Amino acid sequence: SVACFFFTKCTTICPKMISGLKDIQNEFSKEKRLRIISFSVDPESDTPETLKAYAINREIDTIQWNFVTGEKSKLYRYARRSLLLVANDGDGGEYDFIHSDRLVLIDKEGYIRGFYDSTEANDIKQLKEDIRKILKLSF
């Protein structure tokens, strides 16, 4: 799986991140074992309906790529403690947004296999190579 944290109103790094993920999805569109998950860090604005419209407007295949949200403090705890994406030591309050350009590659056992700068073409290329390696190891 490839995971990221974003929000739909973001105009800085998120559009580049989503574009990089679209490139990955296009390359691995027939690979049923690959999942992409984008966690919204703005659950108040990014309702399930908003996330669905966001995906439709960008022609994203939501069978392989899921856009999700949830309770802000739990999302942030997962980002910081499980995926090791530490933007700051905020409290999950209204203005505490994890805003990371990192994509996280997670294997089927739940282990982190790598972090990639979603705004760098070389990192996206490396992520694709690493996905191929992991898929060859998976049965």
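Residues numbered from 1 in each chain as written. Predicted model: local features only at pLDDT ≥ 70, side-chain atom pairs only at ≥ 80, totals over all residues. Heavy atoms only, no water.

## Quick look at the overall build of the protein chain
Next up, step 1: Across its full length, the protein chain carries 4 helices and 5 strands.
Next up, step 2: Listing every helix and strand of the protein chain by position from the N terminus yields β-α-β-α-β-α-β-β-α.
Next up, step 3: Of all 139 residues assigned to the protein chain, the portion counted as buried reaches 45%.
Next up, step 4: Restricting to contacts in the protein chain with at least 6 residues of sequence separation, those with at least 24 account for 64%.
Next up, step 5: Total accessible area on the protein chain stands at roughly 8,000 Å², and carbon and sulfur atoms take up 50% of it. (Helix = DSSP H or I, 4+ residues; strand = E, 2+ residues; numbered from the N terminus. Buried < 20%, exposed > 50% of the residue type's maximum accessible area, 1.4 Å probe, protein only. Contact = heavy atoms within 4.5 Å. Areas by Shrake-Rupley, 256 points an atom, 1.4 Å probe, with all protein chains shown as cover.)

## Notes on the packing of aromatic side chains
Next up, step 1: Per the stated rule, a full pass over the model turns up 5 aromatic pairs.
Next up, step 2: Ring geometry for F5 versus F39: centroids 4.8 Å apart, planes at 15°, classification stacked. Taken together, the residues F5 in strand β1 (residues 2–6) and F39 in strand β2 (residues 36–40) connect sequence positions 34 residues apart.
Next up, step 3: On the basis of relative accessibility, which here comes to 1%, the residue F5 falls in the buried class.
Next up, step 4: A relative accessible area of 11% means that F39 is categorised as buried.
Next up, step 5: When the ring of F6 is compared with that of Y54, the centres are 5.4 Å apart and the planes differ by 45°; the resulting orientation is tilted. Pair noted here: F6 is in strand β1 and Y54 is in helix α2 (residues 48–57), with a separation of 48 residues, a long-range link.
Next up, step 6: An aromatic cluster of three or more residues is present, and its members are F6, Y54, W65 and F67. (Phe/Tyr/Trp six-rings, centres within 6.5 Å; stacked < 30°, edge-to-face > 60°.)

## A few points about the pattern of salt bridges
Next up, step 1: Here the structure, examined in full by the defined rule, presents 9 salt bridges.
Next up, step 2: The residue K128 makes a salt bridge to E27 at a minimum N-O spacing of 3.1 Å. A residue pair is termed long-range when its members are at least 10 positions apart, and K128 in helix α4 (residues 121–137) and E27 in helix α1 (residues 14–27) qualify at 101 residues.
Next up, step 3: Residue classification places E27 among the partly exposed positions, given a relative accessible area of 37%. (Salt bridge = Lys/Arg side-chain N within 4 Å of Asp/Glu carboxyl O.)

## Things to note about the side chain of Q25
Next up, step 1: Among the structural elements, Q25 can be located in helix α1.
Next up, step 2: Leave out the neighbours within four places in its chain, and Q25 touches I36, I60, D61, Q64 and W65.

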